[in-house]
Amino acid sequence: GLALAEELAAQGCRLAICARNEAELERAAAYLKDRHADVLTVVCDVTDRGQVASMVRQIVDRYGAIDLLIANAGIITVAPVSALSVADFDRVMAVNFEGVLNVALAVLPWMQRQGGGRIAVISSIGGKVSVPHLLPYSCAKFAVAGFASGLRAELGDAGITVTTVYPG
């Protein structure tokens, strides 16, 4: 996420970044501001729809629009399925899938009102090929890929571009 923000800042984009951890967020903001970035920081847990709605309002209040969303939140649990519980799956799905869902659905009305925008969701090679010991992660990344694919099909005529990124 930070590398993407740095590249966008270098191209003159104004940024809004979020994280659950305020200290981590402030370190990222300081790094970006050292590179002359215009950056808004918002402490936000993307699994909490109320916090996401508040974050989007803060972004629109500051910048007037949201032209690009990069949904990049993620956690990973590494263990054989025999050591995993349903709670492990729920936790990873909440951050990796529902976090993407919550933020995308929150910015979508703003993009529709302004007549367009871009949404990029970060999946993974784990969203194409599931491997042992990464089942919660792969399930969430497959869900992200499916959501982005459907969103892309629905929004194609609305001026909103949806891209799924598969690093790795």
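Above this text sits the structure in question.
These numbers were taken from a predicted model, which means no experiment stands behind them.

Quick question: what am I supposed to make of the overall build of the protein here?
When helices and strands are counted, the protein shows five helices and five strands. In summary, the protein has a C-alpha radius of gyration of 16 Å against a globular reference of 15 Å for 168 residues, a match within 12%. C-alpha extents for the protein along the principal axes are approximately 50 × 40 × 30 Å. When each of the 168 residues of the protein is scored for burial, the buried share is 40%. The long-range fraction of contacts in the protein, counting pairs at least 24 apart against all pairs at least 6 apart in sequence, stands at 63%.

Would you mind going over helix 5 (residues 135-155) with me for this structure?
Two residues of an α-helix separated by three or four positions point the same way, owing to the 3.6 residues in each turn. For helix 5, with 21 residues, the first-to-last C-alpha span of 30 Å sits near the 30 Å given by 1.5 Å per residue. Along helix 5, the positions that sit buried rather than exposed are Pro136, Tyr137, Ser138, Ala140, Lys141, Val144, Ala145, Phe147, Ala148, Leu151 and Leu155. Elements that come into contact with the buried residues of helix 5 comprise helix 4 (86-114), strand 4 (117-122) and strand 5 (160-165).

Looking at this structure, how should I read the pattern of salt bridges?
Two side chains that carry opposite charge are able to pair once their charged atoms sit near each other. Counted according to the given criterion, the structure contains two salt bridges. For the salt bridge of aspartate 38 with arginine 62, the shortest nitrogen-to-oxygen distance reads 2.7 Å. Of this pair, aspartate 38 sits in the loop between helix 2 (22-33) and strand 2 (39-43) while arginine 62 sits in helix 3 (residues 49-63), and the two are 24 residues apart along the sequence.

Even after reading the chapter, I still don't get the side chain of asparagine 96, so can you show me in this structure?
Turning to its location among the elements, asparagine 96 is positioned in helix 4. A distance of 2.7 Å separates a polar side-chain atom of asparagine 96 from the backbone nitrogen of isoleucine 75. If near-sequence neighbours (up to four positions away) are discounted, asparagine 96 is found in contact with Ala73, Gly74, Ile75, Tyr137, Ala140, Lys141 and Val144.

So what exactly am I meant to see when it comes to the pairing of strand 2 here?
Residues in a regular strand point their side chains to alternate faces of the sheet. Summarising the sheet, strand 1 (residues 15-19) and strand 2 pair through five bridges and their orientation is parallel. Each bridged residue has a counterpart across the sheet, and for isoleucine 17 the counterpart in strand 2 is threonine 41. With respect to chirality, the unit in which strand 1 leads through helix 2 into the neighbouring parallel strand 2 is right-handed.

Rules behind the numbers
- Throughout this document, residue positions are counted from 1 along each chain, in the order its sequence is written.
- Totals for whole chains, interfaces and linings use every residue, but because this is a predicted model, local features are given only for residues with pLDDT of at least 70 and side-chain atom pairs only at 80 or more, for both listing and counting.
- Hydrogen atoms and water are omitted, and side-chain values are computed over all heavy atoms in the structure.
- The way it works is that DSSP assigns letters per residue, a run of H or I at least four long becomes a helix, a run of E at least two long becomes a strand, and they are numbered from the N terminus.
- Values of the radius of gyration come from C-alpha atoms, whereas the globule rule sets the reference at 2.2 Å times the count of residues to the power 0.38.
- Note on exposure labels: buried denotes an accessible area under 20% of the residue type's maximum, exposed denotes more than 50%, and partly exposed covers the range between, all computed with a 1.4 Å probe on protein chains only.
- By definition in these notes, contact holds between two residues if any of their heavy atoms fall within 4.5 Å.
- Expected helix span is taken as 1.5 Å per residue step, with the number of steps being one fewer than the number of residues.
- The salt bridge definition used is simple: a Lys or Arg side-chain nitrogen within 4 Å of an Asp or Glu carboxyl oxygen.
- Polar contact is defined as a pair of N or O atoms within 3.5 Å, subject to the rule that within protein one atom must be able to donate a hydrogen and the other to accept it, and that residues adjacent in sequence are counted only when both atoms are side-chain atoms.
- DSSP calls a pair of strands paired once it identifies at least 2 bridges connecting them.
- Orient the strands so they point away from the viewer, and a crossover whose first-strand-to-second-strand path over the helix runs clockwise is right-handed.

Note that every value here comes from positions in space, so none of it alone points to a role or purpose.
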